[in-house]
Amino acid sequence: MASLQTHVLVDDRWVTQNVTPEELLQPRVIPTVTPAPKPPSYGVLTKTVIESPIVRWALPVQLRSSQFNDVALVGGRCVQICELDVDLQLQPIAKIDFSSDIRNCRVLGTHEYLRRKKEDTHASYYSDNGKNAGRNTSAPPAFAKGPDIFQQVLVLVLSAGDLVFLVMNLTAAGNWKFVPSYVPIFGDFNEDGEYIKDGQNSGQFVDPGFHMAISPDGGYLSLACSENLMIVYKLRSIGELHTQLTKGQSLKPILSMKARAMKGVIHILEFLYTGSSLDFDTGLDSFHENLGDVALILITAQSGVLRLVVYDWDAQHSFQDELCKGKPGHRLDTDIGIPMFVIPLTIAGQFLVVTEKSLAVYSDFFGGPPTRQVIPLGHRDKTEWHHGTNHPLWGGWTRPSREESYHAGSDFLYLAREDGWISSLEIDRGEDIKSIYLGPMDCNINAGFASLGTSHGDVLIATSVDGPGAIWHVNPRETPKRVGSLPSWSPTVDLVLATDRKQLSRQSASKKAHDHMLEPDRMFASSGRDTHGAIVEVRYGIQAKIGLDLQYPSRIKECWVIPSFDSTPEAGFQILLALPESSALLHISHDLTEVSEQAQESVDFDLLSTTLACHISPDLMIQITTERATIRTSSSCYQHLMIDIVQNTLATITDAAVTSETLALTVESKSSSKVMIFVLNNNEFALKHTVEETNGEITALAIDTLSIGVCVLAGISYRGSSALTLLPLDVLHDREQTVPGAQKVTLDLQGDPNSTTHAIISIVGLGNGRILVGKSDGDVLLVQFTNDGNTERGLKVLETHHFGVSSSYVFPGIVFDVGPSALVCNDAGLAIVKVANATQPTANHVESISRIWLTDANEPDTPSPVVNSVARLRDIPGYGESTWAMISGSHLLITELQPRTAPVPRYLPTGGTPVKILYSKRLDALVAVVKKQGVPSLHFYDRATGADLSRPVNEQHADINYIRPLGDPNIKVVSLLSWHFKTEYQDKDGKPIVWFVILSRLGDSQGRLIMVSAEEEEVATDTGTARQIRFCAKHERKIKDGLPRLGATDDDGLFISFEKTIEYHVIEDKKFRTAMKYDLPSPAMHVEVVDGRLHVLTSGHSLLILDYKSETALKSERMIGLHTDEQARYGLHSIDVGSAIDIKAPQKLVLVSDLMCGVYGLWCLGPQSKAKNLKLIFRADLKASIRKFVSGYTRPRWARSGDRQMCFGYKPLALDEREILGLAIDGSLTSFAILDEDTWRLLRYVQNLTVLAEVGDGNAGIAEENEALVAAQTFPLHKMHVDGDVLKKCLDGKILERVVATEGDVERLEMLLKPLGLDGVDDGQGNGYGVLDAMGLVHAQTYAVLGYYLGPAL
């Protein structure tokens, strides 16, 4: 039969087939095609967990008062003010974050600390005949609200196009806060003379503020772009700014401005010192007399020629006229090198030029080319802290404080070289120059460099982008002494999570029941270079700096701090210790340098029995032990035997609570227990009441004042359950034996009938009827006492927080501005619980819980000890509320709590640069490749102690220094992998083989593959049995296919990525064989096996998903491309996050980061779908590019499971407890949360409200977007990003009450809440908010959603 050849569409492809005429004439049947499922509409919320540690500028500045010796540490988007304390350490005062990058910064005004210090010392000496001269005091000055407010202003240039004039002021509560004033860079003056933004010019220039300078007299500010434009602003005086601030106005510093076009590249911009800018007679010569009051110099570059341009003008004349003049400038010779920066000298009309090769002083440039004097500096070889191949450069300078008269004819500078050398330069008008090298300092200096003056020398502060910074004290004619460090974990090149191998399996069927028992995953990053290299444990919380660590011979149960009755610092203070069988009293000097134990015969306390409770006030101290009660005042002391007080010689006192008027005792007698309550009258205890029928064991006692008066709170345990009983004392009759049921208030807490671990063991009152209860199972309860009348009284559990598996003891804390607090001691660590003030809508909720990390500056690698008791140093002269005594086993620690949460890194020194790092669950060790002096080596570190467990051996188990081929400086390690080999290959014990695989390069021509086996072994040491990890190289293979870049493993083989090829290698007959290959469009940046597919992220073509297990791939020995990104991206790292939001296989959601600071959500429909392209469903633009993603259970115990259940019944998209975290190239850490569309609309709406509250309602675009959100319109993918940092401002500042205040606002927010199941009705799950109207309920529900997503990630 005849046939025709034609083209037929088969499976979306045109193919050539032969068809018969009958087939051709048959009616065409169009097959039904099932449409591919649409990608979901997801959003992403990003939240900064830890800011970048890099400090770019360190500037001495007095934003508070001339009495404070402060320094501003300026990072990429934040400013922190720290005060130099008497111990030469920096104490943080306040911090402010900005929503855009800080491009430049300078200080406006004169630093007056040393002058003011001298005046105060002089006045103090003559006012008290020198008795208090030289005494330090930490009390805030009484004049802070008076005329002596800020002496200087910190001026910032933001990349958003604003100038920020930053000062500080005291709040009503006595705390310091920032007062920022925003001024546009490009502006104009309106009819009222107010400087406002000029929208026409604001976006026309590149990098305004790239250069910045302020005149020495503070009268002028100049900004310049990198080329073509310079702006000069005339400023108001500091006195005028004082007036504006005291009137409650924002600062309006600009009087006038003038922009000037410049030719070529603007290389340097600086104001010079002139005769009029100095407050003393300088004896200037004729040249200086020709110089105006203000002199501004620029060094420009055009066509390879450098020119010096000078503008100078008198203050009485218009500076605009001077800037209108065309000035060609003087040509500068570059024989000594191109200027890197210029230092204006206080010797009028001179400046110092610093080049790569030398230094030179320039002067006499008014009438012609400047004269130059080259400064000879002695040669110093580069140090080990230099990172680079060329000679180290001078990277910073600072001018220390000196007497004003000194600068009449001299100047003094410190110059810092990037490898740690510091040169002190003294220059006088007679052209005499003295240079002295200091150091080298054990620090790389390539960022901020500053000097703070003290009465006894200079304090130098240096920061670095290549590791921790440092603080030195420079005394005259002495070698500089290092006195402190500035923590920094930058640069970080790798990040891993470590899980305790002894924990319960998270796949256990009882996961939900035991989730709070599991310790959070710990995070470790490879950090630093060379000798500053370290593995850093990334921690976040409140730092407690240990000032005294004293080990007592026996275990300590509890402690109390007792002030001296004479209230003088010289008297020191005492600490009473409760021991298992007795007590001890220690006397500690005020400076913590002397500690002595007091004998029983020399003190009035009972030290022969265990102390149960104490009451301490300035004029009264009461000690209750198991044997005696001691009442001590400044003039008398009384002691009473317990058997006399309870009138029972066979009774045993097991617990007590005491105040200045009331005593409650737990009395055990004949297998029964009772509570006896006494009142203190005439230094004797009189029985008030006895509670006989407790129906269980009394496990805790406390006394608190509630709305019904003084009450005794008792914890009672019985039959696996526990109860909290409240007993009001004012309704009891004297010596009454039975309490009517209407008078007792009891809260039953149900537990496991077969368990005895649910007892209440500690109770603390927080005020306003709120009570914090600690239990033996690790739970901490927030309980509310309600009193609706004489009969309607009750106790209600508002919140339950899981702190761990051991007992949680609660102690009263500090009362902050936001509300009261308590400290919780548990095996999970020490934590502080903050509750809001009673006036807040969230008064009956825990505002925040923060982990407290104890650190010892002398041993920075030690972990934070477990604390079992704390006591505040109250009423101790010279010590504030932040000083605490803490008990850890037998150790007594005196600590200083820092005022706010911050990163608290723990450094495990490696002695070299950690190149690669991973965590081995089998060995419970951190595995790292460390490069020491250019030589790579493999190491195993104990994550708990930081000890190096490494024992490299050869195949005969003989000790060696390096396993082969490591130890060769020509070897470069590119990948470190853990390979869990398939089960048919087993070791001698029948366990699956686990290899450590090292991919490396030898020079530029050869690759190496090293397979390492490692086993744990116990060794005997002087301190007991420790462990070592013995390892050796079992296999080494030369790689002939090219130089390896990356690697990945699965159960069967090893993937090796080369320049544009990736290969899959398997072991057959004990030999490696290349099973298959794939040609990449660009080099791979990250390779990972996910659910049997290979994810390859490339440097220029984004993400590829490859199949290597199908029959087609195995037969062809070629990997098959399944999916690819439809857009080319410069990839850095990727992570599959589908499992975190329960995406059904084979669909996937992958996060991809790129070099342009973007994070992209790519949706994969799976291999069954015909859609080959990955679909972009959201995009987030971040501050910095993400170098590596990780996912793990990093939240603290109290922020998981039941503690994270939503109020009002809200159910989020991601029910998994894992956090998705990303480490950025600047060292910052960001959290990612995937949002369903309805939650995204709500949070994006709240974000817009917060932005409008900051910038005003004039932004029509944001208002229109909010209307579209309510109307459920679709949005561009880049708007599917929600900035959690903006939402944090809304949550912390309670902005909703301000911006959602009308019925229309409430209705719009209700419409966004309704799809989430939050329909404006309180279903009873929002406990603690009380009776709320419609507006209050909308606010509370929105804050609940915010609190869920903005909770702690670490």
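Since the structure is predicted, the reported quantities are computational estimates derived from the model, not experimental observations.

## Considering the overall build of the protein
Move 1: Within the protein, the secondary structure is distributed over 14 helices and 89 strands.
Move 2: Put simply, the protein has 1354 residues, and 54% of those count as buried.
Move 3: Considering only contacts within the protein whose residues lie at least 6 apart along the sequence, 56% involve residues at least 24 apart.

## Regarding the nonpolar core
Move 1: Within the largest apolar cluster, 54 residues are counted, with the highest numbers of intra-cluster contacts made by Leu-1151, Phe-1178, Phe-1232, Leu-1243 and Leu-1346.
Move 2: In this view, Leu-1346 contacts Leu-1243, Val-1246, Leu-1287, Cys-1290 and Leu-1291; residues no more than four positions away in its chain are not counted.
Move 3: With 27 residues, the next largest nonpolar core counts Val-157, Val-183, Cys-225 and Leu-245 among its residues.

## A short note on helix H3 (residues 238-246)
Move 1: Within the span of H3, buried status applies to Leu-241, His-242, Gln-244 and Leu-245. Across the axial projection of H3, the buried residues extend over an arc of 165 degrees, all falling on one side.
Move 2: Of the surrounding elements, those touching the buried residues of H3 are strand E9 (152-158), strand E10 (162-170) and strand E11 (176-184).
Move 3: Of the residues trailing H3, Gly-248 is marked for its positive phi of about 80 degrees.

## Overview of unusual backbone geometry
Move 1: Here the residue pair Ser-490 and Pro-491 is connected by a cis peptide bond, since its omega of 0 degrees sits within 30 degrees of zero.
Move 2: Position of Pro-491 relative to the elements: it lies in the loop between strand E32 (481-486) and strand E33 (492-498).
Move 3: In this structure, Pro-965 follows Arg-964 across a cis peptide bond, with omega equal to -5 degrees.
Move 4: Checked against the element boundaries, Pro-965 lands in the loop between strand E69 (950-952) and strand E70 (971-980).

## Here's the deal with the sheet that holds strand E54 (residues 770-775)
Move 1: A sheet is described by the order of its strands in space; here four strands give the open sequence E53-E54-E55-E56, paired in antiparallel fashion. The open sheet has two free edges, formed respectively by strand E53 (760-767) and strand E56 (793-802), since each of these has just one partner strand. Strand after strand, the sheet turns through a mean of 25 degrees between neighbouring axes, direction not considered.
Move 2: Here E53 runs beside E54; their pairing, made up of six bridges, is antiparallel. Note on E54: the bridge partner recorded for Gly-765 is Ile-771.

## A look at the side chain of Glu-799
Move 1: Along the chain, the position of Glu-799 falls in strand E56.
Move 2: Arg-770 is the oppositely charged side chain nearest to the buried, salt-bridge-free Glu-799, at an N-O distance of 10 Å.
Move 3: Among the polar contacts listed, one links the side chain of Glu-799 to the backbone nitrogen of Val-846, at a separation of 3.3 Å.
Move 4: Here Glu-799 is in contact with Val-780, Leu-781, Leu-782, His-845 and Val-846, once residues within four sequence places are set aside.

## Looking at the packing of aromatic side chains
Move 1: The final tally for this structure, using the stated rule, is 20 aromatic pairs.
Move 2: Taking the centre distance of 6.1 Å and the plane angle of 40 degrees together, the rings of Trp-313 and Phe-319 count as tilted. Assigned by exposure class, Trp-313 and Phe-319 land together as buried.
Move 3: For the cation-ring pair, Arg-851 lies above Trp-853, with the distance from its terminal atom to the ring centre recorded as 3.8 Å.
Move 4: Over the aromatic face of Tyr-1343 sits the side chain of Lys-1294, whose NZ or CZ is 5.3 Å from the ring centroid.

## Structural notes on the sheet that holds strand E49 (residues 697-706)
Move 1: Read across the open sheet, the four strands follow the order E49-E50-E51-E52; overall the sheet is antiparallel. At either end of the open sheet lies a strand with only one pairing partner, and these are E49 and strand E52 (745-749). Taking the axes of each pair of neighbouring strands and ignoring which way they run, one obtains an average angle of 15 degrees across the sheet.
Move 2: Judged from the eight bridges that link them, strand E50 (residues 709-718) and strand E51 (residues 721-728) form a sheet pairing that is antiparallel. Looking at E51, one finds that Leu-713 is bridged to Leu-726.

## Remarks on the packing of helix H13 (residues 1303-1313) against helix H14 (residues 1334-1349)
Move 1: The contact between H13 and H14 brings their axes to 10 Å, and the two run at 45 degrees. It follows that H13 is oblique to H14 by the angle criterion. Read as a crossing pair, H13 and H14 show a hand that is left-handed. Each of Val-1306, Leu-1309, Glu-1310 and Leu-1313 in H13 lies in contact with H14, whose residues at this interface are Ala-1334, Met-1335, Val-1338, Gln-1341 and Thr-1342.
Move 2: Across the contact of H13 with H14, the residue classes tally to six nonpolar, two polar and one charged.

## As for the pattern of salt bridges
Move 1: Within this structure, the stated rule accounts for 43 salt bridges.
Move 2: In this structure, Glu-1036 and Arg-964 form a salt bridge, with 3.4 Å as the shortest nitrogen-oxygen distance. Of this pair, Glu-1036 sits in strand E73 (residues 1024-1039) while Arg-964 is found in the loop between E69 and E70, placing the two residues 72 residues apart along the sequence.
Move 3: In this structure Glu-1036 comes out as partly exposed when scored by relative accessible area, which is 29%.
Move 4: Among the ionic pairs, Lys-1077 bridges to Glu-1063, the shortest N-O distance being 3.8 Å. With Lys-1077 in strand E77 (residues 1071-1079) and Glu-1063 in strand E76 (residues 1061-1068), this pair connects stretches of sequence that are 14 residues apart.
Move 5: The structure contains a network of salt bridges with shared partners spanning Arg-951, Asp-959, Glu-1017 and Arg-1030.

## Notes on the environment of Gly-547
Move 1: With respect to the helices and strands, the residue Gly-547 is situated in strand E36 (residues 540-551).
Move 2: Linking Gly-547 and Ile-894, residues 347 residues apart in sequence, is a C-alpha distance of 5.5 Å.
Move 3: Not counting chain neighbours up to four residues away, the residues in contact with Gly-547 comprise Leu-592, Ile-894 and Thr-895.

## What about the confidence of the model for the protein?
Move 1: The pLDDT averaged across the protein works out to 82; a share of 83% of its residues lies at or above 70.
Move 2: Scored below 50 in pLDDT, residues 504-513 makes nine contacts in the model with residues more than four places away or belonging to other chains.
Move 3: Here residues 1321-1328 is a poorly scored stretch, pLDDT under 50, and it has 19 contacts once near neighbours within four places are set aside; other chains count.

About the cut-offs
Every chain begins its residue count from 1, and numbering advances along the sequence as written. Confidence filtering applies because this is a predicted model: local features only for residues at pLDDT of at least 70, side-chain atom pairs given and counted only at 80 or more, and all residues used for totals across whole chains, interfaces and linings. The side-chain numbers reported here are obtained from all heavy atoms of the structure, hydrogens and water having been left aside. Think of it this way: any DSSP run of H or I at least four residues long counts as a helix, any run of E at least two long counts as a strand, and we number them from the N terminus. Each residue is placed in one exposure class: buried if its accessible area under a 1.4 Å probe, protein chains only, is under 20% of its type's maximum, exposed if it is over 50%, and partly exposed if it falls in between. Here, residues are in contact when the closest pair of their heavy atoms is within 4.5 Å. By nonpolar core we mean a set of buried residues, namely Ala, Val, Leu, Ile, Met, Phe, Trp, Tyr and Cys, connected to one another through side-chain atoms within 4.5 Å. The reported arc concerns the directions from the helix axis to the C-beta atoms and nothing else. Strand pairing is assigned whenever DSSP identifies at least 2 bridges connecting the two strands. Note on definitions: angles span 0 to 180 degrees between N-to-C directions of axes, and those axes are lines fitted to C-alpha atoms, for helices only across the stretch in contact. Here Asp and Glu are counted as negative and Lys and Arg as positive; His is not counted, and neither are the chain ends. For this document, the term salt bridge refers to a Lys or Arg side-chain nitrogen within 4 Å of an Asp or Glu carboxyl oxygen. Whenever a nitrogen or oxygen atom comes within 3.5 Å of another N or O atom, the pair is scored as a polar contact, on the condition that within protein one atom can donate a hydrogen and the other can accept it, and that pairs from neighbouring residues in sequence are kept only if both atoms are in side chains. Aromatic pairing here means that ring centres of Phe, Tyr or Trp (its six-membered ring) are within 6.5 Å. Orientation follows from the plane angle: under 30 degrees is stacked, over 60 is edge-to-face, and everything else is tilted. Only when the NZ of Lys or the CZ of Arg is both within 6 Å of the ring centre and within 35 degrees of the ring normal is a charge said to sit over the ring. Between 65 and 115 degrees an angle is taken as roughly perpendicular, under 35 as roughly parallel, over 145 as roughly antiparallel, and anywhere else as oblique. Crossing handedness follows the turn of the near helix against the far one: under a right angle anticlockwise gives a left-handed crossing, and clockwise gives a right-handed one. Basically, the charged four are Asp, Glu, Lys and Arg, the nonpolar ten are Ala, Val, Leu, Ile, Met, Phe, Trp, Tyr, Cys and Pro, and anything else, Gly included, counts as polar. A residue's pLDDT is simply how confident the predictor is in it, with values from 0 to 100.

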